[in-house]
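Below, each chain spelled out in residue letters.
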Amino acid sequence: MNTTLPAAAHDAPASLLVVEDERIVALDLKLTLESLGFRVVGTASSQDEAVVLTMSYRPDLILMDINLGKGGDGILAAQEIARFADVPVVFLTAYADSDILRRAEQVAPYGYLVKPVRQRELNATVQMALARVRASRARMQAERRLRLALDAAKMGVVTLNEGMDLVEIDGHFPPVADGSVRGLRMPVGEFLRHLSQDAQAKVRHLLDHGGDLHVVARWRSPNAELPVRWLEVHASYVANELAVVGICRDITRQVEQDEAARQATVVFESAADAILILDTQGHVMTANPAFSRMTGWPTADIRGRHPNDFLHARRSSDRELLEATPVDALAHAEVVCLRHDGSTFPAWEHVAPVRDDSGSITNRVLTFTDISALRQAESRIQHLAYHDPLTGLGNRNQLRDLLNALPPPQSGDNTAVLMFLDLDGFKVINDSLGHDKGDALLVTIADRFRSVLRFGDQAIRLGGDEFLMLTRSARDADVDAMAQRLLEIVREPFDLAVGSSVQVSASIGIAMHPSDGATPDALLRAADIAMYAAKAAGRNRYARYHPKMAEVANERLAIEQGLLQALENGELSIHWQPQVSIDGSSVVGAEALLRWHSEKLGPIGPDRFIPVAEECGLIQPLGRWVLRQALTHWTQWQRDGVVQGRLAVNVSALQLQDEQFAEDLARELKTTGMDPEDLEIEVTETALQRVPHVEHRLRRIAELGVKIALDDFGTGYSSLSMLKLLPLHRLKVDRAFVRDVVGNPSDQAIVRAIEAMADALGLALIAEGVEDRHQQDCLRQIGVREAQGWLYARAMSAPDFVEWLGSR
């Protein structure tokens, strides 16, 4: 469409086209118009010729005869011209009946002259039509510029015409469309339902009372899966338009950034983007208030200047965004900006062209955002990613990078040493004194590690109470000295409370790179294996990795993996060992013993798999399974009249530490219907020393009516006061004293002392591991009344046990 504004009357004359089928009339009009100062570009006598000449000359105005005789119809010609050109038409006709007027109205002519036409009337009509053309096209250009501004600023216009229940939206309105929309309409009620309650109230007040409105409103989509958007709206009641007109922009990104900053504790200063409007040469035309707030530069001081002269004045690379980016291109970059006071800040900057309807570049828009908080947050996140938040030591990520940076095996550099350190006794302190005290102990240990590290050494907290030291030392003596020093500083007392201190020890595994592990995983595994070897050797010591340790570790891993499937595969079973009177004449009960026959590993003794189960956390499900199976079998045998007396079941320290154990035990007793008086729980002396609040836990069990026996008595360090306070029913003499009770006076004296102690405390007594008649006779003489062992019967499967009972 032709959108070029016509020249004013005192400039180049306006161009006119005359369409008249009568040549004399056409010539008369042409001469008259030229005498009035207009330029007639041509005359046409038919509908088709009028169209062709309009396309060729693009006149400012057409004088069109309606009745073109055989040449066609002037109204139809005007309609066809309107489809491809915005050229105003003034109709000429000798007729003015209502039918012709109605048809003429359809093309919205700029005038209507009835022949014969007087010169004064012709001049006035043409001048007024041209004036309307200029005004119309000026309005169109203003509207186009408004749309360009809206597009550049990503804004939309919202219009509510008085008396209409519709909202009309033009420009950018992201809740409805990603791009610019034009003439989009929706009911007022529907529009308001998308807004928050307070925003609705403000809009209704504007509709009812007029005035101005500035609101930031949340826009809710009917689709709950779509994200919430935020709009900033400025609106006013325009009296001469009888409408409320407002502009809006999507500020969702700013709102979301603010919210994200609060949640991440990395605060971005709440501010709109700074905006500079530049001419095509890059000089500042204007700046928004956010720019002045962000930089301290008043708009008056920068108008007409290039941003590279005052904003990008520190580094040449910061000037490249404007200098290297073509005027018609979009670009963005991170730059360093200069404030008015000389300070600098990092910014994310964006430059974009502004085009008119013809595609010509009219301006450039430079926007930027202060990203100082973002860079600080990244620095903090980077630190957290490689450091333990509690102790400040390195974490797994830092360890991975350190190990990956070790020289390759072929380099010949064999000075790297990895020490795997695990605290002994930390769990008891953590459980007894609380996690706050436990954390304080870990922090103190980390500080002690820092005090002995040399330049280049690295300390890592792997998690829990496990630490790693990566050090470089070519001499074995230096490695041993470092390990010994670490053991010493760990053993130093910790003052966790006023007037009280605690101590822990450590087990350290040492692996050399690359001889013990050429890859990071292999080196870490070697140090881990060596640490477990040190722990197994008695703790509070260090051990160097040896290949044979891997065999032990592999066996432990195989046992652990096998246990995970043992329950599901039916590889576990309960064996039963009778407990009898010392002479073997009567059965007083039986002990339920867990046995495992692995499909892959064959039979595995409890001394091998029970410690692994405790370490890997499987002892709880195993213990529950044993308790359920034992109680179920024993209760059924009691009902069948097969057995009588008590059932002894072993319970580990980890089971006792479980707050739910007493409740689980009560539930199993109720489920199976077993009399609590017939159940005896066996716990070891070692378990008593490892379980916090052991007296309280045992009393909860005893309150159920269940008896408690102290197993392996004499091998631990139980004090007499502990025996007096605990709700014990029976002591069990350990097989270590029974084995040599006949020939070893010391063992015999210990057994006598245990018998006297049990008698004095009112506790029953039983000896385990009785294998021959001499042991039996000696124990009987000492006063032991009950026993179990191979002399009487080995541990048997359920069918064998029932058969054994039937044979007596």
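Structure's up top.
Residues numbered from 1 in each chain as written. Predicted model: local features only at pLDDT ≥ 70, side-chain atom pairs only at ≥ 80, totals over all residues. Heavy atoms only, no water.

(A) How the structure looks around helix α7 (residues 197-209). A rise of 1.5 Å per residue sets the reference length of α7, with its 13 residues, at 18 Å; its end C-alpha atoms lie 18 Å apart and thus fit the reference within 8%. Those residues of α7 lying buried are A199, Q200, V203 and L206. All buried residues of α7 lie within an arc of 125° about the axis, which places them on one face of the element. In α7, the exposed positions that point more than 90 degrees away from the buried face belong to Q197, D208 and H209. Here the buried face of α7 lies against α6 (188-193), β9 (212-219), β10 (229-238) and β11 (243-250). Phi turns positive, to about 75°, at G210, one or two residues after α7. (Helix = DSSP H or I, 4+ residues; strand = E, 2+ residues; numbered from the N terminus. Expected span 1.5 Å × (residues − 1). Buried < 20%, exposed > 50% of the residue type's maximum accessible area, 1.4 Å probe, protein only. Arc of directions from axis to C-beta. Contact = heavy atoms within 4.5 Å.)

(B) Seen up close, the packing of helix α21 (residues 619-640) against helix α30 (residues 798-806). Running from amino to carboxyl end, α21 crosses α30 at an angle of 30°, the nearest separation of the two axes being 13 Å. What the angle tells us is that α21 and α30 run roughly parallel. For α21 against α30, the interelement crossing comes out right-handed. Each of H633, W634 and W637 in α21 lies in contact with α30, whose residues at this interface are A798, F801 and V802. Taken together, the residues of the contact of α21 with α30 break down into 5 nonpolar, 1 polar and no charged. (Axes fitted to C-alpha atoms, helices over the stretch in contact; angles between N-to-C directions. Parallel < 35°, antiparallel > 145°, perpendicular 65-115°, else oblique. Left-handed = near helix turned anticlockwise from the far one by under 90°. Nonpolar A, V, L, I, M, F, W, Y, C, P; charged D, E, K, R; others polar.)

(C) Broad picture of helix α28 (residues 745-761). For α28, with 17 residues, the first-to-last C-alpha span of 24 Å sits near the 24 Å given by 1.5 Å per residue. Along α28, the positions that sit buried rather than exposed are D747, V751, I754 and A758. The buried residues of α28 occupy one face: seen down the axis, they fall within an arc of 60°. Every exposed residue of α28 that faces more than 90 degrees away from the buried side is listed here: P745, D759 and A760. Residues of α28 that are buried sit in contact with β29 (707-713), β30 (730-733), α27 (735-739), β31 (764-768) and α29 (773-782). The distance from a side-chain oxygen at the start of α28 to the backbone nitrogen of S746 is 2.9 Å, and the residue carrying that oxygen is N744. With its phi angle positive at about 75°, G762 sits one or two positions after the end of α28. (Polar contact = N/O pair within 3.5 Å; in protein donor to acceptor, adjacent residues only side chain to side chain.)

(D) Representation of the packing of aromatic side chains in the model. Counted under the stated rule, the structure contains 13 aromatic pairs. Arranged with centres 5.4 Å apart and planes meeting at 65°, the rings of W297 and F310 form a pair that is edge-to-face. With W297 in the loop between α9 (289-295) and α10 (299-302) and F310 in helix α11 (residues 307-310), this residue pair connects regions lying 13 residues apart in the sequence. For F310, a relative accessible area of 2% puts it in the buried group. Taken together, F291, W297, F310, F345 and F368 form an aromatic cluster joined through their ring pairs. When the ring centre of W790 is taken as origin, the NZ or CZ atom of R794, which lies over that ring, is 3.4 Å away. (Phe/Tyr/Trp six-rings, centres within 6.5 Å; stacked < 30°, edge-to-face > 60°. Lys NZ or Arg CZ within 6 Å of the ring centre and 35° of its normal.)

Bear in mind that shape data such as this cannot, by itself, settle questions of function.
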